[in-house]
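# Structural overview
What follows is each chain in one-letter form.
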Amino acid sequence: MNSQESLEAVRKILAPSTLSYIEEIVLLHSLEGRLYREIAQEIGYEEGYLKDIGSRLWLSLSQELGREVTKKTIRLIVADYCADKSLPATQSPLTDPVFGKIDFPGHPLPFGSALYVPRSPLENLAIESLHHSGSLIRIKAPKRMGKTSLINHVMGNAHQAGMQTVVVDMRQADPSVLEDLDHFLRWFCWVIGQQLNLSPKFDKYWFASAGSKLSCTTYVQEYFLRQSQVPIAIAIDTVHHLVEYPDIAKNFFAMLRSWYEQSRVREDWQKLRLIIAHVAELDLQLPSHQSPFNVGLPLDLPWLTPTQVNDLAARYKLHQVGICDFGTLQPLLDVVGGHPYLLQLAFYWLRSGHVSLAQLLQEAGTDKGIYGEHLRCLGRDLERDDTLMTAFQQVLFTPKPTPLNAKMAYRLEDMGLVRMHGFKASLQCELYRQYFGAYPESQRG
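Scope of this entry: the structure provided in the associated data block. Keep in mind that what you see is a predicted model, and the values were worked out from it rather than measured.

The rules we used
Residues numbered from 1 in each chain as written. Predicted model: local features only at pLDDT ≥ 70, side-chain atom pairs only at ≥ 80, totals over all residues. Heavy atoms only, no water. Pairing = 2+ DSSP bridges. Helix = DSSP H or I, 4+ residues; strand = E, 2+ residues; numbered from the N terminus. Axes fitted to C-alpha atoms, helices over the stretch in contact; angles between N-to-C directions. Contact = heavy atoms within 4.5 Å. Salt bridge = Lys/Arg side-chain N within 4 Å of Asp/Glu carboxyl O. Buried < 20%, exposed > 50% of the residue type's maximum accessible area, 1.4 Å probe, protein only. Core = buried A, V, L, I, M, F, W, Y, C linked by side-chain atoms within 4.5 Å. Phe/Tyr/Trp six-rings, centres within 6.5 Å; stacked < 30°, edge-to-face > 60°. Lys NZ or Arg CZ within 6 Å of the ring centre and 35° of its normal. Polar contact = N/O pair within 3.5 Å; in protein donor to acceptor, adjacent residues only side chain to side chain. Parallel < 35°, antiparallel > 145°, perpendicular 65-115°, else oblique. Left-handed = near helix turned anticlockwise from the far one by under 90°.

This part is about the sheet that holds strand β4 (residues 272-278). Ordered in space as β2-β3-β4-β1-β5, the five strands form an open sheet in which the pairing is parallel. Lying at the two open borders of the sheet, with one neighbouring strand each, are β2 (164-169) and β5 (297-300). The average undirected angle you get between the axes of adjacent strands in this sheet is 15 degrees. The pairing of strand β3 (residues 232-237) with β4 spans five bridges and is parallel. Directly across from Ala233, in β4, lies its bridge partner Arg273. Here helix α8 (residues 181-195) sits on the sheet in contact with β2 and β3, set at roughly 140 degrees to β2. Contacting β1 (136-140), β3 and β4, helix α11 (residues 246-262) crosses the sheet at an angle of about 145 degrees to β4.

Right, dumping it as structure tokens:
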């Protein structure tokens, strides 16, 4: 079975959804056994961006097929699908009448999702803040803690309240866009305009002689805010992606801070509501008066509390597979804590009936367990940087919180591997101790 035939099969599996051009490129190269690094070098995209595209694609296929699809298994699973044309209903929890329609974890929850567990009072604080003129909300948390799901929830409420809403994901900016400030700011305005159903008018509102930041500011004020009769809420997700482009980042963040300051005194800017989401601390030195990260409402996403874990278990209807009380889940919490993504993944597979709690716990910290792909991805990221691996080992093999270099601590916190206690770091959860404690010596840097 050749790659083109496999591509056609995937199109049928995901129908009526369609694959984007870049998804097809990632799929075809993956079917040929190419590494993300090799794909990035050949087509000119960043490796991290391609990994994100691939991860979302594998999750979509896993959701449709009821089997865990990864980059390594995609060819075999598609071949199995083509040989049979359809999977038995008992293989797919998504088609099981008892299981119901629950998406495979790993992607943000849409507004109104039955699986969204509020982390009170964060949602109420954010929604209330959006109703204040010129508000700015900063959402900070490691990867896969629910930042984008919170954005979707808050923006859904804003839309219901009559606001115009826009979500800009910085990962969608091509590398070529991020090579030049003017190009990037035009892209930023174009994305906003598209979601507001406004055609580009750069010829009218963009003045090259005034400079890129002032042109962008004028464009937003004159074309978006002044002509709107209602507040405009703009959520900027994954802004940490810009740290890889420090000149762009410093100018962009300084501009956002100036917008916030203008909203204090100017009527047009009072219609603007900003949300900025990012991982942990940003390794970018900004003068305090130019930083948007020391103003507005700060929201740090915590782990789920025991009450919220119970709520999530109820939403997955775990009582139908014999898990009826919090005590039964305690061994799982001892391994993954209140980490939202790790719990959702466990609850999904428990609810499906494909794995028992005993088997899940036995295999949790191994490559063949339900967390295998997640753990391998973390391992590959650590292996790329010996210094980062060494810093992580300090935490891994030290029972007490460990002092770390600030830059290394922030990077490990971004990855979700450690939690910070002031200037000291401790392991995020026992799952990582089980897996990385048994990591081959040759891969420890």
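The pairing of strand β6 (residues 402-403) with strand β8 (residues 424-427) spans two bridges and is antiparallel. In the strand pairing of β8, Thr402 is matched with Ala425. Here strand β7 (residues 418-421) pairs with β8 via four bridges, running antiparallel. Directly across from Arg419, in β8, lies its bridge partner Ser426. In this structure, the hairpin formed by β7 and β8 is closed by a connection of two residues, where Gly422 is found at a positive phi of approximately 70 degrees.

Our next topic: the pattern of salt bridges. Following the criterion strictly, the structure yields 19 salt bridges and no others. Asp52 is the salt-bridge partner of Arg171, the closest N and O atoms lying 3.8 Å from each other. A residue pair is termed long-range when its members are at least 10 positions apart, and Arg171 in the loop between β2 and α8 and Asp52 in helix α4 (residues 47-65) qualify at 119 residues. Judged by its relative accessible area of 26%, Asp52 is partly exposed. Arg186 is paired through a salt bridge with Asp182; the nearest N and O atoms lie 2.8 Å apart. Within this pair, Arg186 and its partner Asp182 are both found in helix α8, separated by four residues, close to a single helical turn.

Note that the residue after Ser120, namely Pro121, is joined by a cis bond; omega there is 10 degrees. By secondary structure assignment, the location of Pro121 is in the loop between α5 (74-84) and α6 (122-130). A positive phi angle, near 60 degrees, is found at Asn197, a position not held by glycine. Look at Asn197 and you get exposed, because its relative accessible area is 70%.

We now examine the sheet that holds β8. Across the sheet, which stays open at both edges, the three strands sit in the order β6-β8-β7 with antiparallel pairing between neighbours. Each edge of the open sheet is held by one strand with a lone partner, namely β6 and β7. Running at roughly 75 degrees to β8, helix α17 (residues 386-396) makes contact with β6, β7 and β8 of the sheet.

Here is a general trend for soluble globular proteins: nonpolar side chains tend to be buried in one another's company. Residues Leu332, Phe347, Tyr371, Leu417, Leu431, Tyr432 and Phe436 are the most contacted members of the largest nonpolar core, which totals 79 residues. Residue contributions to this core peak at nine residues, all from helix α14 (residues 340-352). Residues within four places of Tyr432 in sequence aside, it is in contact with Leu342, His374, Leu375, Leu378, Leu396, Gly416, Leu417, Leu427 and Gly437. Counting 48 residues, the second largest nonpolar core, distinct from the first, contains Trp187, Val191, Ile232 and Tyr260.

Okay, the packing of aromatic side chains next. Under the defined criterion, the tally for this structure stands at 19 aromatic pairs. When the centroid spacing of 4.8 Å and the interplanar angle of 25 degrees are considered together, the rings of Phe202 and Tyr219 count as stacked. Placement of the pair is Phe202 in helix α9 (residues 202-205) and Tyr219 in helix α10 (residues 212-225), with a sequence separation of 17 residues. Side by side, Phe202 and Tyr219 carry an identical accessibility label, which is buried. Each ring, one from Phe253 and one from Phe293, has its centre 4.9 Å from the other, and the planes form 80 degrees; the classification is edge-to-face. Separated by 40 residues along the polypeptide, Phe253 in helix α11 and Phe293 in the loop between β4 and β5 bring together distant segments of the chain. Judged on exposure class, the residue Phe253 and its partner Phe293 are both buried. Aromatic ring contacts, followed pair by pair, group Phe184, Trp187, Phe188, Phe252, Phe253, Trp259, Trp269 and Phe293 into a single cluster. Taking the ring centre of Tyr341 as reference, the NZ or CZ of Arg144 above it sits at 4.1 Å. Looking at Arg419, its charged tip hangs above the ring of Trp303, at a distance of 4.2 Å from the centre.

Our next topic: the side chain of Thr217. The residue Thr217 is located in helix α10 in this model. Separated by 2.9 Å, the side chain of Thr217 and the backbone oxygen of Lys213 make a polar contact. Look past the residues within four positions of Thr217 in its chain and what remains in contact with it is Met255, Trp259, Gln262 and Trp269.

α10 packs onto α8 with a crossing angle of 15 degrees between their chain directions and a minimal axis gap of 9 Å. By the angle class used here, α8 and α10 are roughly parallel. Crossing angle aside, the handedness with which α8 passes α10 is right-handed. Of α10, the residues touching α8 (which contributes Leu181, Asp182, Leu185, Phe188, Cys189, Ile192 and Gly193) are Ser212, Lys213, Cys216, Tyr219, Val220 and Phe224.

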